[in-house]
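Structural description and commentary
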Amino acid sequence: MHLVVAVVGAGPSGVYAAEALTRRSRSEDLDVRVAVLDRLPVPFGLVRYGVAPDHPSIRSIRGTLERTLDAAGVTFYGDVQVGRDLSVEELRASVDAVVYAYGAGSDRRLGIPGEDLPGSVAAPELVTWYTGHPDVHPDDGSAAAGHPWVPGLLSTAREVVVVGAGNVALDVVRVLVRGVDELAATDMPDEVLAALGSRTVTDVHVLARRGPAYTAFTTKELRELGELDDLDVVLDPADLVLDESSRLVAETDRVAARNLAVMAEWAQRPTGGARHRVHLHFWTSPLGVAGTDRVEGVQVTRSAIDAEGLVRPVGDAWTIPAQLVVRAVGYRGLRLAGVPYDERTGRIPHSEGRVIRDGAFSTGEYVTGWIKRGPTGVIGTNRSDAVETVASLLDDVEVGTLQPSASPEALSGLLAGRGLHPLGMPEWHRIDAAEIARGQEHGRPRTTLAHRGELLAAADEQPPG
Ligand SMILES: Cc1cc2nc3c(=O)[nH]c(=O)nc-3n(C[C@H](O)[C@H](O)[C@H](O)COP(=O)(O)OP(=O)(O)OC[C@H]3O[C@@H](n4cnc5c(N)ncnc54)[C@H](O)[C@@H]3O)c2cc1C
Ligand SMILES: NC(=O)c1ccc[n+]([C@@H]2O[C@H](COP(=O)([O-])OP(=O)(O)OC[C@H]3O[C@@H](n4cnc5c(N)ncnc54)[C@H](OP(=O)(O)O)[C@@H]3O)[C@@H](O)[C@H]2O)c1
């Protein structure tokens, strides 16, 4: 029996869903065909366009994802945007089941005055620029119709405020302060590397609205901050004196306890004389971004947790001077036309990965990854998440609530009928080879091709001989 499944999104969750589907297919009498669609010409989602370039071992997870996409029974359709190139209804009609794995494509906002002043950006804007996302112009960091900002800001800003105390904030801090020699060993696009070479940043202020026991950092990433060359980490030792609720957190949460130990060691270090400083401001909330026609600083106040567990401002306001503000306060899932969406959470409503539509399970619709559980969790979290979703899907086939009948050729026929030319894995392998070759020309391991045109040209290139 054939089962034809379309997965929307070729990030970790989508590829892990394909892996789980094909694994079950081998062990059972079910021929599963999986089509993985992505709006981008290349697969891997945030593994390529999120994970920090100076973390090559994490980026190399790409190799594992690649093997799944190359496997028999799996077809990658790159450069196909569901909701633009074909509707969700059309997709559903051409396959037996759809697994939504399209991640969290937007950022959370702070909701404070001045948030949109020039010089105030969301971390995803910076991240997509430095990872070479084809939606962003690598020379000036602008989206197609946006405003040039990145290199201009980086070559003038001395003080930067990063709002948020999670791992994305740490990624951003490292990109702002790491030496260009070290960054040259990454796969950053040439244009990005050149722009980072003229950075003027000396001080980065990280704002954590709660105390050091409540950060969202993982210890390995936090520790790495203190190991960067020519950098002082500045924090107020008084913040490490814990109140009762922080003590309770430190006693019950091993990551929090380890993070506190790292920070306690930093507090003992002598500071002064380093080229860069990263200031950790705990119990500090932003009230507004100051400036008339561009960012000049961030007004902040001391904050505390009230009896209901909410973070509240306490005390007077003061201003941290800054010429660049980066909001690293999390991502947010977007609505895709034709798919149920919970506006409050930014997720698709579901139970164990089965999509809930109008209060009932919707036959043949499933969800996994960040659009299922929200924008948290490391890459590996998506594997168990996808396994749960695929188990629900296959159970539904077994009990007969999902009855496969689709033709394995229907989807490719639909795309061809639209005049679309999806990029597949052969094209990805050509892009991969071109990026490695481009890097090696300059003594680098690889160089990400950041222009959409360059990606498409490399995909078309015939191998020599
Ligand atoms: C900046 C950043 C750095 C990170 N670094 C690490 C790290 O170092 N280590 C770690 O373990 N975790 C890291 N994470 C977390 C990790 O990246 C996520 O857990 C994971 O990528 C979520 O997987 P996903 O498949 O749900 O979403 P994504 O990876 O976002 O994949 C979603 C895919 O769907 C595609 N898509 C969207 N809309 C459509 C559409 N309409 N049609 C077709 N395709 C569509 C997108 O192009 C994308 O490829 C990081 C996250 C961020 C934001
Ligand atoms: N190397 C890695 O392993 C790596 C790298 C990058 C990302 N990731 C993962 O990707 C996921 C997303 O990371 P993320 O950093 O985007 O999100 P995150 O882990 O959820 O951290 C968001 C941070 O922003 C703060 N915040 C939220 N709203 C705020 C507001 N209005 N004002 C001030 N601060 C606010 C949060 O504080 P509160 O806690 O007070 O809400 C928290 O400190 C995480 O699971 C992360 O671990 C992993």
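This text goes with the structure placed above it.
So, here is what we can say about the structure in this document. Quick caveat: nothing in here was measured; it's all calculated off a predicted structure.

**Section: the overall build of the chain**
Counting its regular elements, the chain contains 18 helices and 18 strands. Relative to a compact globule of 465 residues, whose C-alpha radius of gyration would be 23 Å, the chain shows 23 Å and is just as compact. In terms of its C-alpha atoms, the chain occupies a principal-axis envelope of roughly 65 × 60 × 40 Å. When burial is assessed residue by residue, the chain has 53% of its 465 residues classed as buried. Considering only intrachain contacts with a sequence separation of at least 6, the fraction spanning at least 24 residues in the chain is 74%. Working note: accessible area of the chain is about 20200 Å², and carbon and sulfur atoms make up 52% of it. Within the chain, the 64 negative side-chain charges are centred at a point lying 2 Å from the centre of the 46 positive side-chain charges.

**A look at the sheet that holds strand 18 (residues 360-367)**
Judged by pairing direction, the sheet is mixed, and its seven strands sit side by side in the order 3-2-1-4-18-17-16 without closing on themselves. Only two strands of the sheet have a single neighbouring strand rather than two, namely strand 3 (74-78) and strand 16 (350-351). With four bridges joining them, strand 1 (residues 2-8) and strand 4 (residues 97-100) adopt parallel strand pairing. Paired with V5 across the strands is A97, a residue of strand 4.

**What about the environment of W428?**
Tracing the backbone through its elements, the reader meets W428 in helix 17 (residues 425-441). What makes W428 buried here is its relative accessible area of 1%. Taking the C-alpha atoms as reference points, W428 and E125, 303 residues apart in sequence, are found 24 Å from one another. Here W428 is in contact with V42, P43, F44, R48, R62, E66 and R446, once residues within four sequence places are set aside.

**A closer look at the packing of helix 8 (residues 167-177) against helix 11 (residues 219-226)**
As a packed pair, helix 8 and helix 11 sit with axes 10 Å apart at the nearest point and diverge in direction by 25°. Viewed along their axes, helix 8 and helix 11 adopt a mutual orientation that is roughly parallel. When the axes of helix 8 and helix 11 are compared, the crossing they make is left-handed. From helix 8, N167, L170, V173 and R174 reach across to helix 11, where they touch E221, L222, E224 and L225. Residue composition of the contact of helix 8 with helix 11, grouped by class: four nonpolar, one polar and three charged.

Conventions used here
Residues numbered from 1 in each chain as written. Chains lettered and ligands numbered in written order. Predicted model: local features only at pLDDT ≥ 70, side-chain atom pairs only at ≥ 80, totals over all residues. Heavy atoms only, no water. Helix = DSSP H or I, 4+ residues; strand = E, 2+ residues; numbered from the N terminus. Rg over C-alpha atoms; globule rule 2.2 N^0.38 Å. Buried < 20%, exposed > 50% of the residue type's maximum accessible area, 1.4 Å probe, protein only. Contact = heavy atoms within 4.5 Å. Areas by Shrake-Rupley, 256 points an atom, 1.4 Å probe, with all protein chains shown as cover. Lys, Arg positive; Asp, Glu negative; His and termini not counted. Charge placed at Lys NZ, Arg CZ, Asp CG, Glu CD. Pairing = 2+ DSSP bridges. Axes fitted to C-alpha atoms, helices over the stretch in contact; angles between N-to-C directions. Parallel < 35°, antiparallel > 145°, perpendicular 65-115°, else oblique. Left-handed = near helix turned anticlockwise from the far one by under 90°. Nonpolar A, V, L, I, M, F, W, Y, C, P; charged D, E, K, R; others polar.

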